[in-house]
Amino acid sequence: MSNLTEHPELTAAQKSRQGVIYGLAAYLCWGFFPVYFKSVKIVPPLEMVSHRIVWSLAFLVLLITWKGAWPATIEVLKKPKSLAVLFVTTILIATNWLVFIYAISVGEVLQSSLGYFINPLVNVLLGFLFLRERLERPQWISLALAFTGVLYLAIQYGSMPWISLLLALSFGLYGLIRKVLHVEPLVGLTVETLLLMPFALFYLVQLNQKGTGIFLTHGITLDMLIPMSGVVTAIPLLLFAAAGKKLRLATIGFLQYITPTMHFLLAITLFGETFTHTHLISFLFIWAGLVLYSIHAYRSMRA
């Protein structure tokens, strides 16, 4: 974990390689998330998000103490502008967590897969809109194909795939803001979690007083799995934030194919979700866009 800090002496190529390693690790972790959250699906989504916040903070406090990063953390807490920006990222990541857990709990892993397939192209669009990253014709065509796939799904089912869109937009915006904010990944995530902590703790206390909380009432296995949410939440986010500091948004988008592919395979194999003809056509449009984008990105990196 100590390698997640910035090293100015590294060359651009070394930073890029480090970024790829961090990104791969983060997306592999996220790829297995449905397995973990299926194992705790008895816990209502809002309660599970609250536990993620509480246990993530406990884990992050240990990391901050181990790395001696309390002075940097306190410094960020004293800066109103940084705190305001981190409050926005806090809302975005909390929204992403809640929607994702909801999707898992109601058996919509395919929708989460679709959302994270869209997200790489959302990253490309956000890079164009906010970071002035130039888009070439293949990238525009990729975005058009993805939009067509989402629109087709919405028309066929009579409603927008809001789970997919919320996941893609919330995490895309989170990655964008964390990329431009000059705060060390561990410090930034700790501050985000601190900002959420009062709300999460208040909600869990209320559940405990009403006797409706799940923790410590449904057996030792669940009581051990719930605190693990802190570790499985914090580690990939730290890796992702570190990767985001070293890579272009377009490259991050390229790596992100790992997570939705794993979610897709888990949904139709392990979880037995129905993959309809409508799903197939929609996914084919999005996959076509991703293939076109990938070929273009590969040729650009070769050049």
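The name an unreviewed UniProt entry assigns to the protein is EamA family transporter RarD, from the organism Geomonas anaerohicana. Its UniProt record gives the protein a comment under Subcellular location (unreviewed entry), which states: "Cell membrane". Checking UniProt for the protein, the heading Sequence similarities (unreviewed entry) contains the comment "Belongs to the EamA transporter family."

A. Representation of the overall build of the protein within the structure. Scanning the protein from N- to C-terminus turns up 14 helices and zero strands. Along the chain direction, N to C, the helices and strands of the protein fall in the order α-α-α-α-α-α-α-α-α-α-α-α-α-α. Principal-axis analysis of the C-alpha atoms places the extent of the protein at approximately 55 × 50 × 30 Å. In the protein, once contacts between residues fewer than 6 apart in sequence are set aside, the share between residues at least 24 apart is 85%. Of the roughly 14300 Å² that the protein leaves accessible, carbon and sulfur atoms contribute 70%. Averaging the coordinates of the 20 positive side-chain charges in the protein and doing the same for the 11 negative ones gives two points 8 Å apart.

B. Main features of the environment of Leu46. Its place among the elements puts Leu46 in helix α3 (residues 45–67). For Leu46, a relative accessible area of 40% puts it in the partly exposed group. Along the backbone, Leu46 and Val99 are 53 residues apart, and their C-alpha atoms lie at a distance of 9.5 Å. Non-local contacts of Leu46, meaning those with residues more than four positions away in its chain, are made with Leu98 and Tyr203.

C. The pattern of salt bridges, seen in detail. Going through the model one piece at a time under the given rule, you end up with three salt bridges. Notably, a salt bridge pairs Glu136 with Arg134, separated by 3.3 Å at the nearest N-O pair. Exposure remark for Arg134: the relative accessible area of 62% places this residue in the exposed category. Arg178 serves as the salt-bridge partner of Glu192, at 3.2 Å between the closest nitrogen and oxygen. With Glu192 in helix α9 (residues 185–210) and Arg178 in helix α8 (residues 162–180), this residue pair connects regions lying 14 residues apart in the sequence. Assigned by exposure class, Glu192 and Arg178 land together as buried.

D. Molecular detail of the packing of α3 against helix α5 (residues 80–105). Contact geometry of α3 with α5 gives a least axis separation of 9 Å together with a crossing angle of 130 degrees. Considering the angle they form, α3 stands oblique to α5. Note that α3 runs across α5; the crossing there is right-handed. Across the interface between the two elements, Pro45, Leu46, Met48, Val49, Arg52 and Ile53 from α3 touch Trp97, Leu98, Ile101, Tyr102 and Ser105 from α5. Its residues assigned to classes, the contact of α3 with α5 shows nine nonpolar, one polar and one charged.

E. Summary view of the packing of aromatic side chains. Applying the stated criterion across every chain, the model contains 22 aromatic pairs. Consider the rings of Tyr27 and Phe240, whose centres lie 6.3 Å apart with planes at 75 degrees: the pair is edge-to-face. On the criterion of sequence distance, the pair formed by Tyr27 in helix α1 (residues 12–31) and Phe240 in helix α11 (residues 228–246) is long-range, its members being 213 residues apart. Each member of the pair, Tyr27 together with Phe240, is buried. Note on Phe117 and Trp287: the rings are 5.9 Å apart at their centroids and 80 degrees apart in plane angle, and the pair reads as edge-to-face. Taken together, the positions of Phe117 in helix α6 (residues 109–130) and Trp287 in helix α14 (residues 277–302) put the pair 170 residues apart, joining distant regions of the chain. A residue is classified by how much of its surface remains accessible, and Phe117, at 5% relative accessible area, is buried. Residue classification places Trp287 among the partly exposed residues on the basis of a relative accessible area of 23%. Ring pairs connect the aromatic residues Tyr27, Trp30, Phe171, Tyr174 and Phe240, which therefore count as one cluster. For the cation-ring pair, Lys38 lies above Phe271, with the distance from its terminal atom to the ring centre recorded as 5.0 Å.

F. Region of the structure containing the UniProt feature "domain: EamA" (unreviewed entry) in the protein. Mapped onto this numbering, the UniProt entry gives "domain: EamA" (unreviewed entry) at residues 19–153. Secondary structure across residues 19–153 comprises 86% helix and 0% strand; the distance between its end C-alpha atoms is 34 Å.

G. Molecular detail of empty space enclosed by the protein. Applying the stated criterion across every chain, the model contains four cavities of 30 Å³ or more. As a volume, the largest cavity reaches approximately 170 Å³. Every residue lining the largest cavity is counted, 15 residues in all, and those nearest its centre are Trp30, Phe33, Asn96, Tyr116 and Phe171. Looking at the lining of the largest cavity, the elements with two or more residues in it are α1, α5, α11 and α13 (258–268). Among the elements that take part in the lining of the largest cavity, α5 stands out by supplying four residues, more than any other. If you go around the second largest cavity, the residues you meet are Gly175, Arg178, Lys179, Phe240, Ala241, Gly244 and Lys245. Of all elements in the fold, only α8 and α11 reach the threshold of two or more residues within the lining of the second largest cavity.

How each quantity is defined
- Residues numbered from 1 in each chain as written.
- Predicted model: local features only at pLDDT ≥ 70, side-chain atom pairs only at ≥ 80, totals over all residues.
- Heavy atoms only, no water.
- UniProt positions renumbered as here; feature names shortened; annotations may be inferred.
- Helix = DSSP H or I, 4+ residues; strand = E, 2+ residues; numbered from the N terminus.
- Contact = heavy atoms within 4.5 Å.
- Areas by Shrake-Rupley, 256 points an atom, 1.4 Å probe, with all protein chains shown as cover.
- Lys, Arg positive; Asp, Glu negative; His and termini not counted.
- Charge placed at Lys NZ, Arg CZ, Asp CG, Glu CD.
- Buried < 20%, exposed > 50% of the residue type's maximum accessible area, 1.4 Å probe, protein only.
- Salt bridge = Lys/Arg side-chain N within 4 Å of Asp/Glu carboxyl O.
- Axes fitted to C-alpha atoms, helices over the stretch in contact; angles between N-to-C directions.
- Parallel < 35°, antiparallel > 145°, perpendicular 65-115°, else oblique.
- Left-handed = near helix turned anticlockwise from the far one by under 90°.
- Nonpolar A, V, L, I, M, F, W, Y, C, P; charged D, E, K, R; others polar.
- Phe/Tyr/Trp six-rings, centres within 6.5 Å; stacked < 30°, edge-to-face > 60°.
- Lys NZ or Arg CZ within 6 Å of the ring centre and 35° of its normal.
- 1 Å grid on protein atoms, 1.4 Å probe; cavity = no way out; pocket = protein on both sides within 12 Å on 5 of 7 lines; lining within 4 Å.
- Points joined across faces, edges and corners; volume = space filled by probe spheres on them.

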